[in-house]
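# Understanding the architecture of this molecule
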Amino acid sequence: PILDEVSDLEKPVFNHLCRRFGLYLTYPAYISNFMGGLIGEIRDLISHITDTDSEKPFMMQIFSCHDINLLGMLYVLNAELVSTPAHRKLWRPYWPEFGTTISLEVMSRDEINVYLNTDPLPINLGLETSVRSKPTVTHTFTLEELEACYRRLNEHIITPGLADYYHDPSGV
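An account of the accompanying structure is given in this report. Because the structure is a prediction, the values reported are computed rather than measured.

## A short note on the nonpolar core
- Ranked by size, the top nonpolar core spans 28 residues in total, and within it I39, L71, I123 and F141 carry the most contacts.
- Here the element with the most residues in this core is helix 3 (residues 67-76); it accounts for six residues.
- Setting aside residues up to four positions removed in sequence, L71 forms contacts with F21, L25, V82, Y94, W95 and P96.

In structure tokens:
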């Protein structure tokens, strides 16, 4: 509950925080360093799961994180909650509530469904060079599109290879 003395500040503070983190998360070097490792690990897991020759030691993988990490994931996926189909020309305030989940349902290399809590999450990876002829808003993406997204993140990373370092299980 919010104290009556500060309740008038709730909306301005919320809008300020959303705007401030939105600016951070749209800066290529920041989002690359912040989310590159996680996106690389997710890419590797999906690649392993969909590899027909590999053993499948798990059916489910769970990551636990803070609200800011969820927000970063939404920005990487270019979710409509935090952007617009016109590539973030308009700003929308959004902050994940306590207990928010992002789920990736891997059906195949060509069908990875995204959900926010239990609802399909509209995303637009904006990859004109992918298997899609033009960017579309959907709640499904492909491993190829995720790999292109990861390469795009690594182009802006301040320290080359840093994203690979963070998701390398050997820590080397």
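## Here's the deal with the pairing of strand 2 (residues 111-116)
- For strand 2, a buried count of five out of six residues is recorded, marking the element as mostly surrounded by other parts of the structure.
- Of the pairings in the sheet, the one linking strand 1 (residues 102-108) to strand 2 comprises six bridges and is antiparallel in character. Residue pairing for strand 2: L104 is matched across the bridge by V114.
- With two bridges joining them, strand 2 and strand 4 (residues 140-141) adopt antiparallel strand pairing. When the bridges of strand 4 are listed, N113 appears paired with T140.
- Where strand 2 lies against strand 3 (residues 119-120), two bridges are found, and the strand directions are antiparallel. Residue L116 lies in a different strand from strand 3, and its bridge partner there is D119.
- Linkage of strand 2 to strand 3, two consecutive antiparallel strands, is achieved through a turn of two residues, within which N117 is found at a positive phi near 60 degrees.

## Section: helix 1 (residues 10-25)
- Counted at 1.5 Å a residue, the expected span for helix 1 with its 16 residues is 22 Å, and the 22 Å between its end C-alpha atoms agrees.
- Listed in full, the buried residues belonging to helix 1 are C18, G22 and L25. The buried residues of helix 1 all sit within an arc of 65 degrees when viewed along its axis, so they share a single face.
- Considering only its buried residues, helix 1 is in contact with helix 2 (28-50) and helix 3.

## Some remarks on the environment of T100
- Mapping T100 onto the fold places it in the loop between helix 3 and strand 1.
- Sequence-wise, T100 and N117 are 17 residues apart; in three dimensions their C-alpha atoms are separated by 6.0 Å.
- Apart from the residues lying within four places of it in its own chain, the contact partners of T100 are L70, Y94, L116 and N117.
- A polar atom in the side chain of T100 sits 2.6 Å from the backbone oxygen of E97.

## Thoughts on the environment of F141
- Position of F141 among the secondary structure elements: in strand 4.
- On the basis of relative accessibility, which here comes to 2%, the residue F141 falls in the buried class.
- Placed 30 residues apart in sequence, F141 and E111 show a C-alpha to C-alpha distance of 5.9 Å.

The rules behind the values
Residues numbered from 1 in each chain as written. Predicted model: local features only at pLDDT ≥ 70, side-chain atom pairs only at ≥ 80, totals over all residues. Heavy atoms only, no water. Core = buried A, V, L, I, M, F, W, Y, C linked by side-chain atoms within 4.5 Å. Buried < 20%, exposed > 50% of the residue type's maximum accessible area, 1.4 Å probe, protein only. Helix = DSSP H or I, 4+ residues; strand = E, 2+ residues; numbered from the N terminus. Contact = heavy atoms within 4.5 Å. Pairing = 2+ DSSP bridges. Expected span 1.5 Å × (residues − 1). Arc of directions from axis to C-beta. Polar contact = N/O pair within 3.5 Å; in protein donor to acceptor, adjacent residues only side chain to side chain.

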